[in-house]
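These are the residues of each chain, in order.
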Amino acid sequence: MKKIHFLVLIISLSNWANAQVIDNNLQGYYLAKSDSNMYSFFEFDGNGKVNIVGLGNGDYFTKGDSLFIYPDKSIFKFKIKNNTLIGASNWVENETWIKKDTVVANNRKDAVLAKKKAGLLHEYYTLSNNKSSLELILDDNAVNAKKEKISKLCNEGLSKACMDYFGMMLIEDQGMAAILNPGKNAKPKPLNPQIVALGNKIIAQGEPEGYTLLGSYYYMLGKKEKAIEQWNIGVQKGSQKSAMALIQIEME
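Residues numbered from 1 in each chain as written. Predicted model: local features only at pLDDT ≥ 70, side-chain atom pairs only at ≥ 80, totals over all residues. Heavy atoms only, no water.

Closest axis-to-axis distance for the helix H9 (residues 224-236)/helix H10 (residues 240-251) pair is 8 Å, and the angle between their directions is 140°. Viewed along their axes, H9 and H10 adopt a mutual orientation that is oblique. Here H9 and H10 pass one another in a crossing that is left-handed. Along its contact with H9, which presents Lys224, Ile228, Trp231, Asn232, Gly234 and Val235, the element H10 presents Ser242, Ala243, Ala245, Leu246 and Ile249. Residue composition of the contact of H9 with H10, by class: seven nonpolar, three polar and one charged. (Axes fitted to C-alpha atoms, helices over the stretch in contact; angles between N-to-C directions. Helix = DSSP H or I, 4+ residues; strand = E, 2+ residues; numbered from the N terminus. Parallel < 35°, antiparallel > 145°, perpendicular 65-115°, else oblique. Left-handed = near helix turned anticlockwise from the far one by under 90°. Contact = heavy atoms within 4.5 Å. Nonpolar A, V, L, I, M, F, W, Y, C, P; charged D, E, K, R; others polar.)

In structure tokens:
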């Protein structure tokens, strides 16, 4: 009888451990079941990047049978059931996506590095969900603590954390008014080498949005030609946001 109880315990612990596995090896093309779904498809590269409706790439990780996607600042949550994704959060709730036979390139080259990235993104998720934005605004200690943790994740190789940290540095350097209206930044402060270095660090991590961020920074400083140069490179590297920035410049 003791052996049976021990066996049941081992099986339970094994199931629990499997349910906690964090990874980003989900790969393939998932098509929305409904034609009215605003997110018609998700295309996962097996290495932590997902093409969202062809409008840009997001980051993702899985934890057991749960999937978490960062399209940008928001987050999408899903349950994975066989070859089906079931939405479980705002914007995707109760919607369904089914895996199709469409060929999708698998970009997973280094499983160890990929799993590390998934773990870092999970840490980022945990950090981001600890306190609301309003609570952070009202608590200077919490703001500073979060900034330190975001910096740590950035230094450990999480480009999404680096992009957040870039935004924090930009606000401190130029002010919120300049962020909201970069084209009307009448008195920009001198170029900050630390911000440029961080942008280049993001690029070195393989994140094309680093060009988008650097371009936005140069544009904020009134260096329009330099900004366009960065955005053009971003477009060449596959950044939809850089393309949108160039379109906005043309429309001004």
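Still more ground to cover, so stick around.
Our focus in this paragraph is helix H2 (residues 111-128). Here H2 is 18 residues long and its end C-alpha atoms lie 25 Å apart, about the 26 Å a rise of 1.5 Å per residue gives. Of the positions making up H2, those classed as buried are Ala114, Ala118, Leu120, Leu121, His122, Tyr124, Tyr125 and Leu127. Next to the buried residues of H2 lie strand S1 (22-23), strand S5 (57-63), strand S6 (66-70), strand S7 (76-81), helix H4 (140-155) and helix H5 (159-174). For H2, the N-terminal cap is Asp110; the gap from its side-chain oxygen to the backbone nitrogen of Val112 is 3.1 Å. (Expected span 1.5 Å × (residues − 1). Buried < 20%, exposed > 50% of the residue type's maximum accessible area, 1.4 Å probe, protein only. Polar contact = N/O pair within 3.5 Å; in protein donor to acceptor, adjacent residues only side chain to side chain.)

What follows covers the side chain of Glu207. With respect to the secondary-structure elements, Glu207 resides in the loop between helix H7 (193-204) and helix H8 (209-220). Only 2.5 Å separates the side chain of Glu207 from the side chain of Lys49, close enough to count as a polar contact.

All right, on to the state of the cysteines then. Following the criterion strictly, the structure yields one disulfide and no others. Linked covalently through their sulfurs, Cys154 and Cys162 form a disulfide whose S-S length is 2.0 Å. Between Cys154 and Cys162 the sulfur-sulfur dihedral comes to about 95°; the bridge is accordingly right-handed. Residue class for Cys154 comes out buried when judged on its relative accessible area of 2%. (Disulfide = S-S within 2.5 Å.)

This part takes up the nonpolar core. Core analysis: the largest hydrophobic core is formed by 38 residues, its most contacted members being Tyr124, Phe166 and Leu198. Where this core is concerned, the elements lending two or more residues are S6, H2, H4, H5, H7, H8, H9 and H10. In terms of residue count, the dominant contributor to this core is H5 (seven residues). The residues contacting Leu198, other than those within four sequence positions of it, are Cys154, Cys162, Tyr165, Phe166 and Met169. With 17 residues, the next largest nonpolar core counts Phe42, Phe76, Ile80 and Trp97 among its residues. (Core = buried A, V, L, I, M, F, W, Y, C linked by side-chain atoms within 4.5 Å.)

The next thing to look at is unusual backbone geometry. Of note in the backbone geometry, Asn82 takes a positive phi value of approximately 55° without being a glycine. Mapped onto the fold, Asn82 is located in the loop between S7 and strand S8 (84-87). The class for Asn82 is exposed, based on a relative accessible area of 76%. Even without being glycine, Asn94 reaches a positive phi, approximately 65°. Along the chain, Asn94 falls in the loop between S8 and strand S9 (96-100).

Remember that the coordinates give geometry; whether it matters functionally is a separate question.
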